[in-house]
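Observations on chain architecture
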Amino acid sequence: MGRYVIRRLLQMIPVFIGSTFLIFVMVYALGDPVAALFGDKAPDPATAARIRHELYLDQPLWKQYLHYMGQIFRGDFGTAFNGQKVTELLAGAYPVTLRLTLVAVVIELLVGITLGVVSGLRRGRSVDTSVLVLTLIVISVPTFVSGYVLQFLFGVKWDLIRPTVSPDAPFSELILPGVVLALVSLAYVTRLTRTSIAENVRADYVRTAVAKGLPRRRIITRHLLRNSLIPVVTFIGTDIGALMGGAIVTEKIFNIHGVGYQIYQGILRNNAPTVVGFVTILVIVFLLANLLVDLLYAVLDPRIRYA
Amino acid sequence: MPENTLKKDKPTVEEPAVAVAEAGPAPDKPRSLAADAWADLCRKPLFLLSGLLILFLLLVSAFPGLFSSTDPTAGDLSKHFLTKPELSHVFQPDWFGYDNQGRSIYARVVYGTRVSILVGVGVTVLVTVVGGLMGMLAGYFGGIWDTLLSRITDVFFGIPFILGAMVVLNAFTERTVWTVIGALAFLGWTAIARVMRGAVITARHADYVLAAKALGAGTSRILFRHILPNAIAPVIVVATIQLGVYIVAESTLSYLGLGLGTNEVSWGGDIDTASDHIRNAPHILFFPAGMLSITVLAFIMLGDAVREALDPKLR
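Residues numbered from 1 in each chain as written. Chains lettered and ligands numbered in written order. Predicted model: local features only at pLDDT ≥ 70, side-chain atom pairs only at ≥ 80, totals over all residues. Heavy atoms only, no water.

Here we look at the interface of chain B and chain A
Counting residues at the interface gives 40 residues for chain B, matched by 43 residues for chain A. When the two sides are added together, the surface that chain B and chain A hide from each other amounts to roughly 3,600 Å², 77% of it contributed by carbon and sulfur. Interface area lost by chain B to chain A is led by Leu 163, Val 167 and Tyr 255 of chain B, which between them contribute 16%. Between chain B and chain A we count one salt bridge in total. (Contact = heavy atoms within 4.5 Å. Buried area = accessible area lost by both parts, 1.4 Å probe. Salt bridge = Lys/Arg side-chain N within 4 Å of Asp/Glu carboxyl O.)

Quick notes on a nonpolar patch on the surface
Residue and element names in this part refer to chain B. Among the surface-exposed residues, Val 125, Leu 126, Val 129, Val 130, Leu 133 and Phe 224 lie close enough to one another that they form a single nonpolar patch of about 470 Å² accessible area. Among the elements that make up the nonpolar patch, the one with the highest residue count is helix H4 (residues 105-141) (five residues). With respect to the helices and strands, the residue Val 130 is situated in helix H4. Residue classification places Val 130 among the partly exposed positions, given a relative accessible area of 37%. (Patch = residues over 30% accessible without salt bridge, like charges linked within 9 Å, V, L, I, M, F, W, Y side chains within 5 Å. Areas by Shrake-Rupley, 256 points an atom, 1.4 Å probe, with all protein chains shown as cover. Helix = DSSP H or I, 4+ residues; strand = E, 2+ residues; numbered from the N terminus. Buried < 20%, exposed > 50% of the residue type's maximum accessible area, 1.4 Å probe, protein only.)

Looking at the UniProt feature "transmembrane region" (unreviewed entry) in chain B
Residues and elements named next belong to chain B. This chain's UniProt record puts "transmembrane region" (unreviewed entry) on residues 46-67, 117-143, 155-172, 178-196, 231-249 and 284-306. With 100% helix and 0% strand, the stretch residues 231-249 has end C-alpha atoms that lie 27 Å from each other. In the segment residues 284-306, helix accounts for 100% and strand for 0%; the C-alpha atoms at its two ends are 34 Å apart. (UniProt positions renumbered as here; feature names shortened; annotations may be inferred.)

Regarding the pattern of salt bridges
Taken as a whole and assessed by the stated rule, the structure comprises 11 salt bridges over all chains. Residue Arg 108 of chain B pairs with Asp 270 of chain B through a salt bridge whose shortest N-O separation is 3.0 Å. Residue Arg 108 of chain B is found in helix H4, and its partner Asp 270 of chain B is found in helix H11 (residues 267-275); the two are separated by 162 residues along the sequence. Owing to a relative accessible area of 10%, Asp 270 of chain B belongs among the buried residues under this scheme. A salt bridge links Asp 154 of chain B to Arg 151 of chain B; its shortest N-O distance comes to 3.2 Å. One end of the pair, Asp 154 of chain B, and the other, Arg 151 of chain B, are both in helix H5 (residues 143-157), three residues apart, so they sit about a helical turn from each other. Judged by its relative accessible area of 18%, Asp 154 of chain B is buried. Here the residues in one salt-bridge network are Arg 191 of chain A together with Asp 304 and Arg 307 of chain B, joined through shared partners.

A look at empty space enclosed by the protein
Applying the stated criterion to the full structure yields four cavities of 30 Å³ or more. Considered as a void within the structure, the largest cavity measures approximately 90 Å³ in volume. Lining the largest cavity are 13 residues, with Val 27, Ile 267 and Asn 270 of chain A together with Val 167 and Asn 170 of chain B positioned closest to its centre. Secondary structure elements with two or more residues in the lining of the largest cavity: helix H1 (2-30), helix H12 (259-268) and helix H13 (272-300) of chain A together with helix H6 (161-170) of chain B. Among the elements that take part in the lining of the largest cavity, H1 of chain A stands out by supplying three residues, more than any other. Residues of the lining of the largest cavity, tallied by class, amount to eight nonpolar, five polar and no charged. Two domains each donate at least three residues to the lining of the largest cavity, and these are domain 1 (2-73) and domain 2 (87-300) of chain A. (1 Å grid on protein atoms, 1.4 Å probe; cavity = no way out; pocket = protein on both sides within 12 Å on 5 of 7 lines; lining within 4 Å. Points joined across faces, edges and corners; volume = space filled by probe spheres on them. Nonpolar A, V, L, I, M, F, W, Y, C, P; charged D, E, K, R; others polar. Domains from an automatic or database assignment.)

What about H6 of chain B?
The buried fraction of H6 of chain B is high, at nine of 10 residues. For H6 of chain B, every residue scored as buried is listed here: Ile 162, Leu 163, Gly 164, Ala 165, Met 166, Val 167, Val 168, Leu 169 and Asn 170 of chain B.

Remarks on the UniProt feature "transmembrane region" (unreviewed entry) in chain A
All names here are of chain A. UniProt annotation of "transmembrane region" (unreviewed entry) refers to residues 12-31, 98-119, 131-154, 174-192, 224-249 and 275-300 when read in the numbering used here. In residues 98-119, the share of helix is 100% and the share of strand is 0%. The end C-alpha atoms are 31 Å apart. Taken end to end, residues 275-300 is 100% helix and 0% strand, and its two terminal C-alpha atoms sit 37 Å from one another.

Description of the UniProt feature "domain: ABC transmembrane type-1" (unreviewed entry) in chain B
Taking the numbering used here, the UniProt-annotated feature "domain: ABC transmembrane type-1" (unreviewed entry) corresponds to residues 113-303 of chain B. Spanning residues 113-303 of chain B, this segment combines 82% helix with 0% strand, and its end C-alpha atoms are found 20 Å apart.

Focus: unusual backbone geometry
Residue and element names in this part refer to chain A. For Asn 255, which is not glycine, the phi torsion reads 55 degrees and is therefore positive. Looking at the secondary structure, you find Asn 255 in the loop between helix H11 (230-253) and H12. Take Asn 255: its relative accessible area is 37%, and that puts it in the partly exposed class. In this structure, Asn 270 takes a positive phi of about 55 degrees despite not being glycine. With respect to the secondary-structure elements, Asn 270 resides in the loop between H12 and H13. A relative accessible area of 27% places Asn 270 in the partly exposed class.

Structure below.
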């Protein structure tokens, strides 16, 4: 187990370097951060050259990247162009988005797996059909539509919640944004669980469990569900990264100052250090979530062993 | 938009169905399963419904003039958005009402179809070609090729899709449909590459490949004539479903202001404007959002139907 984890961590290094280099190139080579500093005014060439030198931008791109990586490992993510330390921005935004993602994942798991089990066990019946139709509708309505509609209904029309989230973003205010963020993935989790349950319900071990006279509840939760969760866990693992990055839309609608908000502002203003810093952390989260998923496989399916 | 490019795009959506009919997915009984799948599809209400819807959407995007004679960009401020839609005025410009600049929402919904369909189909075609080739090379040659290409796939997969596309698009001040297609395809090919690699690895050791090799077939012949037809089924399924995802991605980018410029008519951009007026004029949001959802729904239903027809486990 320990050796497996170490091997996986080592394998992550090239992917981490590749992904961060790619985003670094995309941000620094495609946009011009120095021109962005000056806004609409054309920068004075001498000043621009001085800033370029100070920010290490007069070096070839690979040297800039090495320099940047070296600084990251010393805990220095650089300074955003408004003078704020990127680490400060990170410390402010990540906890908020982490809470939002947590709410979304919990909703996905609770509602998605329950609906999936219910419909998978009754495949072809009316409950199943209605759940399927519901998931299709949920998948096809984009987040930025469902977000505005739910915000309008719950926050404005029925006045049940605050339509926007306060800067502290406590859990209680993140429930509706969490639902909005979770919706599409929720539908996928439901469908994956449904297919998996419907496939496994005919398996021998289920028949054995039934023959042993185990209560139905125990068969479903301990035998059937545990064996059916692998595709769902795989999906959630890749989804955590997507949720944190894809929270841009949700955060924009509910005015949440999290990762998505910061990256969005960073991209619009060509604020290169912010964008690269935030995406670097996102890549790390994504890679670790995938490792966690692989380790969970062994928990769910005892036949899988990591030597 | 030149008309001929649209005509070229038209058959590409039909392609999955045709390819399904010709290419057998299962190694044991290729021809009969393919024919079976096609017959199965024709009996499925899900497939017929989504197929009809998609044909209709293709027609609208190719000839928007047939459905609305109003200029979608012509605004008349005297026709304010507070005038509610007159649903009885079928096909009239005020059918769906007017937006905040007095432009006909109906005309904008009709003309906006083109961008969504073009981006969806364009990205899917590019992604299938690029991702398919990458996956095929990695799966067939294995060894160092596999390691290298798989790591490259991982690298692109690690970058959040929408975020990456935003960064790329932000570098372009003049964004057209083709820039958006390019940016989405640049980051989106990984899913297809992974599926293709898996399918090719399964097909690579089959007896017919060995037989083809023994008969002296060249690598490209083995790859494209023997392995590809047997590995394409899962790719078609993923590509069809992804098409809907790309349409959502395009509208999300337009909504965030990083897609097409405001001069182009696109549902995402219209939804962005509408979101400012949701309290007093929800109908501006309703029509483009509804069309967008119906379009995505059609492609997802098609993907579902194709998957059910091709996956032997579900039969």
